[in-house]
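What follows is each chain in one-letter form.
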Amino acid sequence: MPDEPSTTAIDPPQKSLDSMRRPDALDRSFEGWSEEVFAMLDRLRAEPHIDQYKKG
């Protein structure tokens, strides 16, 4: 028999309104993709074929 969900209520965290403000500037950077990835995507767009993935 699968575990049944708990019926115990959990109080929400108590935070002040000031601590819930957004920062002035959000860091939206993403460092996960290299220039090689974008080059591969350009090749794939120009020639959408599985062999483009194999060229690396």
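Quick note: structure is the one above.
Read on for an overview of the structure.

Cut-off values and rules
- Counting from 1, residues in each chain are numbered in the order their sequence is written.
- Restriction of local features to residues with pLDDT of at least 70 applies here, the model being predicted, together with a cutoff of 80 or more for giving and counting side-chain atom pairs; totals for whole chains, interfaces and linings are based on all residues.
- Side-chain measures here rest on the full set of heavy atoms in the structure, leaving out hydrogens and waters.
- Only DSSP runs of H or I with at least four residues qualify as helices, and only runs of E with at least two residues qualify as strands; both kinds are numbered from the N terminus onward.
- The rule is simple: take the accessible area with a 1.4 Å probe, protein chains only, and divide by the maximum for that residue type; under 20% is buried, over 50% is exposed, in between is partly exposed.
- Values of accessible area rely on a 1.4 Å probe in the Shrake-Rupley scheme; residue burial ignores everything except the protein chains shown.
- Working definition: rings of Phe, Tyr and Trp (its six-membered ring) pair if their centres are within 6.5 Å, and the pair is stacked with planes under 30 degrees apart, edge-to-face with planes over 60 apart, and tilted otherwise.
- Salt bridges are defined by distance alone: a side-chain nitrogen of Lys or Arg within 4 Å of a carboxyl oxygen of Asp or Glu.

**Quick notes on the overall build of the protein chain**
Scanning the protein chain from N- to C-terminus turns up two helices and zero strands. Taken over 56 residues, the protein chain has a buried fraction of 5%. Approximately 6100 Å² of the protein chain is accessible, and the part contributed by carbon and sulfur atoms is 54%.

**Overview of the packing of aromatic side chains**
Under the counting rule described, the total for this entry stands at one aromatic pair. For the ring pair W33 and F38, a centre distance of 5.9 Å and an interplane angle of 65° mean the geometry is edge-to-face. Classification of W33 as exposed rests on a relative accessible area of 52%. Overall, F38 belongs to the partly exposed group, its relative accessible area being 38%.

**Digging into the environment of K54**
For K54, the position within the fold is in helix α2 (residues 51-54). Given the relative accessible area of 67%, K54 is considered exposed. Residues K54 and M40 lie 14 residues apart in sequence; the distance between their C-alpha atoms is 9.7 Å.

**As for the pattern of salt bridges**
This model, assessed by the stated rule, comprises one salt bridge. For D42, the salt bridge is made with R45, and the minimal N-O distance between the two is 3.2 Å. You can see D42 and its partner R45 sitting in helix α1 (residues 35-46), three residues apart, about one turn around the helix. Taking relative accessible area as the criterion, D42 reaches 44% and is therefore assigned partly exposed.

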